[in-house]
Amino acid sequence: MKFVLATANPGKVKEMQELLGELNIDVVTRTDLGIDIDIEETGTTFFENAKLKAEAICRISKMPSIADDSGLITDALHGEPGVYSSSFGGEHLSAEERCSYLLKKMENMEQRSAKFVCTIICVFPEGNYITANGECTGVITTGPKGSGGFGYDPVFMPDGFEKTMAELRAEEKNKISHRGKALREFYALLKAETGSAGESL
């Protein structure tokens, strides 16, 4: 069985290809299929946005479609940026500027606890779907560190580490990340649903 990734985010595509490849799940991208559409994320939850993306790409491709919606939740900012993580501070900002905007808002705040949250959903052409979730807890640093990863990785230090997500090796990050956890849960659910071993998915 071949799946299509609904995301157009290059960082997410790279991570999901790596993680799903490790699980022996065969995937193609939207670009591989020549699908170039904007999907308006009008949901108010990670699940709603992920489902919107997966359903749209599934309708076009006629293939099982895997989408994720994820974001950063901070305690000091009452959950911000949350589902608006990719547009936090304004649509025009770069990832670096978004990190700077977050740090500015949290300047002088003692409470730095936060978590990355990810919802994965796979929608099948028949209309059924599988969904899974993952979280990674940590703290927001006072300045960016590292050049790996993407998004808020340079300002997020996961619990149990003295490095930001952006300083971790890809293998380290994939083991503990919200996306890695969600995809491994998804794999277990998919296996239970299909009754197939990973090699034959």
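Notes on the structure in this doc start here.

Thresholds applied
All residue numbers refer to positions counted from 1 along the written sequence of the respective chain. For a predicted model such as this one, the threshold for reporting local features is a pLDDT of at least 70, and the threshold for listing and counting side-chain atom pairs is 80 or more; totals across whole chains, interfaces and linings nevertheless cover every residue. Side-chain numbers here rest on the full set of heavy atoms in the structure, without hydrogens or water. Pairing between strands is defined by DSSP: at least two bridges between them are needed. Only runs of H or I of at least four residues qualify as helices and only runs of E of at least two qualify as strands under DSSP, and these elements are numbered from the N terminus. Here, axes are lines fitted to C-alpha atoms. For helices the fit covers the stretch in contact, and angles between N-to-C directions go from 0 to 180 degrees. Contacts are assigned to residue pairs with any non-hydrogen atoms lying within 4.5 Å of each other. By salt bridge we mean one thing: a side-chain nitrogen of Lys or Arg within 4 Å of a carboxyl oxygen of Asp or Glu. Each residue gets one of three labels from its accessible area relative to the maximum for its type: buried under 20%, exposed over 50%, partly exposed in between, using a 1.4 Å probe on protein chains only. Centres within 6.5 Å are what make two rings of Phe, Tyr or Trp a pair, Trp counting through its six-membered ring; a difference in plane orientation under 30 degrees is then read as stacked, over 60 as edge-to-face, and the rest as tilted. To estimate how far a helix should extend, the number of its residues minus one is multiplied by 1.5 Å. Side-chain atoms within 4.5 Å are what join buried Ala, Val, Leu, Ile, Met, Phe, Trp, Tyr and Cys residues into a set we call a nonpolar core.

1. Re the sheet that holds strand β4 (residues 113-123)
Then comes step 1: Spatially, β2-β1-β3-β4-β5-β6 is the arrangement adopted by the 6 strands of the open sheet, whose pairing is mixed. Each edge of the open sheet is held by one strand with a lone partner, namely β2 (26-29) and β6 (156-158). Neighbour-to-neighbour, the strand axes of this sheet turn through a mean angle of 35 degrees, independent of strand direction.
Then comes step 2: Direction of pairing for strand β1 (residues 2-5) relative to β2: parallel, over a ladder of 4 bridges. Following the sheet pairing, Leu5 is matched in β2 by Thr29.
Then comes step 3: Contacting β1, β3 (65-74), β4 and β5 (129-140), helix α5 (residues 178-194) runs over the sheet at an angle of about 160 degrees to β5.

2. Comments concerning the pattern of salt bridges
Then comes step 1: Summed over all chains, the structure comprises 15 salt bridges.
Then comes step 2: Of the charged contacts in the structure, one is a salt bridge between Lys2 and Asp26, with a shortest N-O distance of 2.9 Å. Separated by 24 residues along the polypeptide, Lys2 in strand β1 and Asp26 in strand β2 bring together distant segments of the chain.
Then comes step 3: With a relative accessible area of 36%, Asp26 lands in the partly exposed category.

3. Some remarks on the side chain of His178
Then comes step 1: Considering the arrangement of structural elements, one finds His178 in helix α5.
Then comes step 2: On the accessibility criterion, His178 (4% relative accessible area) is buried.

4. A few points about the packing of aromatic side chains
Then comes step 1: The final tally for this structure, using the stated rule, is 4 aromatic pairs.
Then comes step 2: Plain terms: the ring middles of Phe47 and Tyr129 are 6.0 Å apart, the flat faces sit at 50 degrees to each other, and that makes the pair tilted. Within this pair, whereas Phe47 is found in helix α2 (residues 46-61), its partner Tyr129 is found in strand β5, the two being separated by 82 residues in sequence.
Then comes step 3: Judged by relative accessible area, which is 29%, Phe47 ranks as partly exposed.

5. Concerning α5
Then comes step 1: Over its 17 residues, α5 extends 24 Å from the first C-alpha to the last, a length consistent with the 24 Å expected when each residue adds 1.5 Å.
Then comes step 2: Of all the residues in α5, the buried ones are His178, Arg179, Gly180, Ala182, Leu183, Phe186, Tyr187 and Leu190.
Then comes step 3: Residues of α5 that are buried in the fold lie against β1, α1 (10-22), β3, β4, β5 and α4 (170-176).

6. Description of the environment of Met106
Then comes step 1: Structurally, the position occupied by Met106 is in the loop between α3 (95-105) and β4.
Then comes step 2: Among the residues examined, Met106 registers a relative accessible area of 0% and is labelled buried.
Then comes step 3: Beyond its immediate chain neighbours, meaning those up to four positions away, Met106 contacts Thr74, Ala76, Leu77, Gln111, Arg112 and Ile140.

7. Some words on the nonpolar core
Then comes step 1: Of all hydrophobic cores here, the largest spans 20 residues; its most connected members are Phe3, Leu20, Ile25, Ile66, Ile120 and Phe186.
Then comes step 2: Among the elements of the structure, β1, α1, β4, β5 and α5 are those that each provide at least two residues to this core.
Then comes step 3: With 5 residues, α5 is the largest single contributor of residues to this core.
Then comes step 4: When neighbours within four sequence positions are excluded, Ile120 is seen to be in contact with Met16, Ile66, Ala67, Asp68, Ile130, Thr131, Ala132, Ala182, Leu183 and Phe186.

8. Regarding the environment of Ala67
Then comes step 1: Within the fold, Ala67 resides in strand β3.
Then comes step 2: In this structure Ala67 comes out as buried when scored by relative accessible area, which is 1%.
Then comes step 3: Residues Ala67 and Asp36 lie 31 residues apart in sequence; the distance between their C-alpha atoms is 15 Å.
Then comes step 4: Not counting the four nearest positions on each side in its chain, Ala67 is found in contact with Ala6, Ala50, Lys53, Ala54, Thr119, Ile120 and Ile121.

9. Remarks on unusual backbone geometry
Then comes step 1: The omega torsion of the bond from Glu80 to Pro81 falls at -5 degrees, within 30 degrees of zero and hence cis.
Then comes step 2: Positive phi values are uncommon outside glycine, yet Lys62 reaches one of about 60 degrees.
Then comes step 3: Within the secondary structure, Lys62 sits in the loop between α2 and β3.
Then comes step 4: One non-glycine residue, Asn108, adopts positive backbone phi at about 70 degrees.
Then comes step 5: Mapped onto the fold, Asn108 is located in the loop between α3 and β4.
Then comes step 6: Judged by relative accessible area, which is 74%, Asn108 ranks as exposed.

Note that every value here comes from positions in space, so none of it alone points to a role or purpose.
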